[in-house]
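# Coordinate analysis (summary)
Listed below are the residues making up each chain.
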Amino acid sequence: MAIDHMVFAALAIFLLVWFSVSAICQIPSNVEKWEAGRAEQWVRAHDVFGFIPRWNFFAPTPATDDLHLLYRDRLPNGHITRWCEVRPRTSSKWIGPVWNPERRHNKALIDVTVELVKASLSLNRDTAQMQLTLPYIATLNFVCSLPRDYCAQATQFLIMRSQGADEDSDHHVVFLSTMHLSEQLLRER
């Protein structure tokens with residue numbers, strides 16, 4: 001009986017400490033910049049297994065721009081197709097709140113696009129270095145896997161930034177890839 005109480009007490013203490021440390025790590029030292037305090041920095045440095053969660057319900061600086069992924073192809077006759085935007089997948093309005101498997105696809109696409117923009121800025125837009133990054137390879141792989149009605153000889157993608165859904169808003173090119181030969185063409189060589 002005494003061992004059961006000791007196990008229960010130890011588990012309760014562990015959970016209480018874990019909850020307390022988790023709560024402390026969610027409080028920033030500087031709310032405007034959302035910087036971690038010394039306690040959180042120390043805990044994160046020693047949290048090898050990632051036991052302390054990060055709850056970012058609200059971004060410290062909310063996104064004010066939209067990122068758009070577009071692609072185009074070079075056809076065997078040399079013509080370049082128009083830019084096509086990759087649209088987010090949507091679920092039925094009725095079942096979407098309950099069952100929405102597309103949200104993970106859309107989140108992954110947003111995350112890899114954001115990481116590609118970050119990598120581009122950190123590498124000073126060095127094209128050769130960019131082509132070796134995981135976000136670049138993942139984006140190129142995704143764009144090349146999209147269905148097409150024609151046989152493309154090469155593919156190129158770009159990321160644009162706009163301010164909202166307004167079609168008249170300014171659009172700025174954030175990243176432009178090089179033209180990549182298609183897999184079929186590479187196999188023939």
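Residues numbered from 1 in each chain as written. Predicted model: local features only at pLDDT ≥ 70, side-chain atom pairs only at ≥ 80, totals over all residues. Heavy atoms only, no water.

Looking only at helices and strands, the protein chain has six helices and five strands in total. Looking at the protein chain residue by residue over its 189 residues, the buried ones come to 28%. Taking as baseline every contact in the protein chain between residues at least 6 positions apart, the subset at least 24 positions apart corresponds to 53%. For the protein chain, the computed accessible surface area is about 14,500 Å², with 61% contributed by carbon and sulfur atoms. (Helix = DSSP H or I, 4+ residues; strand = E, 2+ residues; numbered from the N terminus. Buried < 20%, exposed > 50% of the residue type's maximum accessible area, 1.4 Å probe, protein only. Contact = heavy atoms within 4.5 Å. Areas by Shrake-Rupley, 256 points an atom, 1.4 Å probe, with all protein chains shown as cover.)

Before going further, it helps to spend a moment on the packing of aromatic side chains. For the structure on display, the rule yields four aromatic pairs. Ring geometry for Phe14 against Trp18: centres 6.3 Å apart, planes inclined by 20°, an arrangement best described as stacked. Placement of both Phe14 and Trp18 in helix α1 (residues 2-24) is noted, with a separation of four residues, approximately one turn of the helix. Judged by its relative accessible area of 52%, Phe14 falls in the exposed class. Each ring, one from Phe157 and one from Phe175, has its centre 6.1 Å from the other, and the planes form 35°; the classification is tilted. (Phe/Tyr/Trp six-rings, centres within 6.5 Å; stacked < 30°, edge-to-face > 60°.)

Function cannot be read off these values alone, since they describe shape.
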